[in-house]
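Report on the structure
Okay, here's what each chain looks like letter by letter:
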Amino acid sequence: MSIRYLAEQLYHWTKKVKELEQALAALGEGPHPDRARLEAELIQARQERDHFKSVLESKKEKPLI
């Protein structure tokens, strides 16, 4: 995978996490029919974001000291 592709995917999933967090916050406290679905999507989006972040970090060149 190219670094550009990884960066694009990281951006996409970071944006998706933010959108889901905002959607959950908009629901407020208390039970809501969409809460479980949004929480499951948020967990998946965070996992994808973290995956692409770690792969991108591993592709970066390490500085020579």
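Data block above holds the structure.
Figured I'd write up the structure that's included with this text. Only a predicted model underlies this, so the values are computations on that prediction, with no experimental measurement involved.

With that settled, the discussion passes to the pattern of salt bridges. Within this structure, the stated rule accounts for five salt bridges. Residue Arg 4 pairs with Glu 8 through a salt bridge whose shortest N-O separation is 3.2 Å. Remark: Glu 8 and Arg 4 occur in helix H1 (residues 3-27); sequence separation between them is four residues, near one turn of the helix. Given a relative accessible area of 41%, Glu 8 falls into the partly exposed group. Residue Glu 57 is joined to Lys 60 by a salt bridge in which the shortest nitrogen-to-oxygen separation is 3.1 Å. You can call Glu 57 partly exposed: its relative accessible area is 40%. The class of Lys 60 is partly exposed, set by a relative accessible area of 42%.

On to the environment of Leu 20, then. Here Leu 20 shows up in helix H1. Linking Leu 20 and Ile 65, residues 45 residues apart in sequence, is a C-alpha distance of 41 Å. Not counting residues within four places of it along the chain, the set of residues in contact with Leu 20 comprises Leu 38, Glu 41, Leu 42 and Ala 45.

The next thing to look at is the nonpolar core. Across soluble globular proteins, nonpolar side chains show a tendency to be buried alongside one another. Within the largest apolar cluster, twelve residues are counted, these being Leu 6, Leu 10, Trp 13, Val 17, Leu 20, Leu 24, Leu 38, Leu 42, Ala 45, Phe 52, Val 55 and Leu 56. Of all the elements in the fold, those that place two or more residues in this core are H1 and helix H2 (35-59).

Next up on the list: H1. Across its 25 residues, H1 extends 36 Å between first and last C-alpha, which sits within 8% of the 36 Å expected from 1.5 Å per residue. In this fold, the buried residues of H1 make contact with H2. One or two steps after H1, the chain reaches Gly 28, where phi turns positive at roughly 75 degrees.

Definitions and limits used
Residues numbered from 1 in each chain as written. Predicted model: local features only at pLDDT ≥ 70, side-chain atom pairs only at ≥ 80, totals over all residues. Heavy atoms only, no water. Salt bridge = Lys/Arg side-chain N within 4 Å of Asp/Glu carboxyl O. Helix = DSSP H or I, 4+ residues; strand = E, 2+ residues; numbered from the N terminus. Buried < 20%, exposed > 50% of the residue type's maximum accessible area, 1.4 Å probe, protein only. Contact = heavy atoms within 4.5 Å. Core = buried A, V, L, I, M, F, W, Y, C linked by side-chain atoms within 4.5 Å. Expected span 1.5 Å × (residues − 1).

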